[in-house]
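Survey of secondary and tertiary structure
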Amino acid sequence: MIRVLIVDDEALVRSGLRMILEAAGDMVVVGEARDGDEAVSAAARLKPHVVLMDVRMPGTDGLTAAARLMDTPEAPKLVMLTTFDLDEYVHEALRVGAVGFLLKDTPPRELAAAVRAVAAGHAMLSPTVTKRVISSFAGRGPSRAEIARGRLASLTAREEDVVRAVARGLSNAEIGRELKLTEATVKAHVSRVLAKLGLANRVQAAILVHDADLG
């Protein structure tokens, strides 16, 4: 069973998310929290696999809590909950190590599938949602773009092909088909790219590509 912690200051939202997730059959909501402080405490106590965290809450907000959670041993997979007007905060959360985000109006089936994907170690890189947010808030000023391009210059041509595909939201299988590589080879390339660039996950790699204005 996938253990999930829900963090949102609105009881109605927490209740709705709990109903959706527990109806999926392969996950259980081990706890709820109303703000960032409660989230950090609950995560330490309950050891969830995945934390669904609202961005803006009274008291300690989701972004502050995200940084604290990612700085703990055995940190859970963290997905931010947001609406489009809060995407700038989500962008920062991705930078500190969150693996993605969900919109609060995500359909139930997609919500459950997203939690499964995150629990399995995949980043939330929906071409229709995540890429739009990353593109909007990547802050493509010249200095940032130059820095990003400098970091990407360490990659081989094949590694650059792979990381560009990652930034487009493709899975390892999809990248393999496009580049005529086995899925195992793609996985090895992705791991090597993350290690070379000092990145925690595929979402951060996508942000770097968009910062470089190469996505």
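Residues numbered from 1 in each chain as written. Predicted model: local features only at pLDDT ≥ 70, side-chain atom pairs only at ≥ 80, totals over all residues. Heavy atoms only, no water.

Comments concerning the overall build of the protein chain
Counting its secondary structure elements, the protein chain contains 11 helices and five strands. Within the protein chain, the fraction of its 215 residues that count as buried is 47%. Long-range contacts, defined here as pairs at least 24 residues apart, represent 68% of the contacts in the protein chain between residues at least 6 apart. Working note: accessible area of the protein chain is about 10200 Å², and carbon and sulfur atoms make up 53% of it. (Helix = DSSP H or I, 4+ residues; strand = E, 2+ residues; numbered from the N terminus. Buried < 20%, exposed > 50% of the residue type's maximum accessible area, 1.4 Å probe, protein only. Contact = heavy atoms within 4.5 Å. Areas by Shrake-Rupley, 256 points an atom, 1.4 Å probe, with all protein chains shown as cover.)

Brief notes about the pairing of strand 3 (residues 50-54)
Across the five residues of strand 3, five count as buried, placing the element largely inside the fold. Side chains V50, L52 and D54 of strand 3 all project onto a buried face; the interleaved residues V51 and M53 project onto the opposite face, where all are buried too. Pairing between strand 1 (residues 2-7) and strand 3: four bridges, direction parallel. Within strand 3, the position partnered with V4 by the bridge is V50. Direction of pairing for strand 3 relative to strand 4 (residues 77-82): parallel, over a ladder of five bridges. In the strand pairing of strand 4, V51 is matched with L78. Crossover handedness for the path strand 3 to helix 3 (residues 62-70) to strand 4: right-handed. (Pairing = 2+ DSSP bridges. Right-handed = clockwise from strand over helix to strand, strands pointing away.)

Considerations on the environment of E92
Looking at the element boundaries, E92 is found in helix 4 (residues 87-96). Along the sequence, E92 and A67 sit 25 residues apart, while their C-alpha atoms lie 9.6 Å from each other.

Side note on helix 10 (residues 183-197)
When the terminal C-alpha atoms of helix 10 are compared, their 21 Å separation across 15 residues agrees well with the 21 Å that a helix rising 1.5 Å per residue should span. Taken residue by residue, helix 10 has V186, H189, V190, V193, L194 and L197 as its buried positions. Along the long axis of helix 10, the arc covered by the buried residues comes to 130 degrees, so they all point the same way. In helix 10, those exposed residues whose orientation departs by more than 90 degrees from the buried face are A184, K187 and A195. Downstream of helix 10 by a residue or two, G198 has a phi angle that is positive, lying close to 70 degrees. (Expected span 1.5 Å × (residues − 1). Arc of directions from axis to C-beta.)

Side note on the nonpolar core
Core analysis: the biggest nonpolar cluster contains 25 residues, and L5, V7, V51, M53, L69, L78 and M80 have the highest contact counts within it. Secondary-structure elements contributing two or more residues to this core are strand 1, helix 2 (36-46), strand 3, helix 3, strand 4, helix 4, strand 5 (100-103) and helix 11 (202-211). Broken down by element, this core gets its largest block of residues, five residues, from helix 2. Once residues within four sequence positions are removed from consideration, V7 is found in contact with A33, D35, A39, V51, L52, M53, D54, M57 and L81. With 22 residues, the next largest nonpolar core counts L170, A205, V209 and A212 among its residues. (Core = buried A, V, L, I, M, F, W, Y, C linked by side-chain atoms within 4.5 Å.)

What about the environment of R18?
Note that R18 resides in helix 1 (residues 11-23). Sequence spacing of R18 and I6 is 12 residues, and the spatial spacing of their C-alpha atoms is 7.7 Å.

Considering the sheet that holds strand 3
With parallel pairing, five strands are arranged side by side in an open sheet as 2-1-3-4-5. Either end of the sheet is taken by a strand with one partner, and the two such strands are strand 2 (27-33) and strand 5. Mean inter-strand twist for the sheet, computed between neighbouring axes without regard to direction, equals 25 degrees. Sheet topology places strand 4 next to strand 5; four bridges connect them, and they run parallel. Counterpart to T82 in the pairing with strand 5 is L103. Contacting strand 1, strand 2, strand 3, strand 4 and strand 5, helix 5 (residues 108-119) runs over the sheet at an angle of about 125 degrees to strand 3. (Axes fitted to C-alpha atoms, helices over the stretch in contact; angles between N-to-C directions.)

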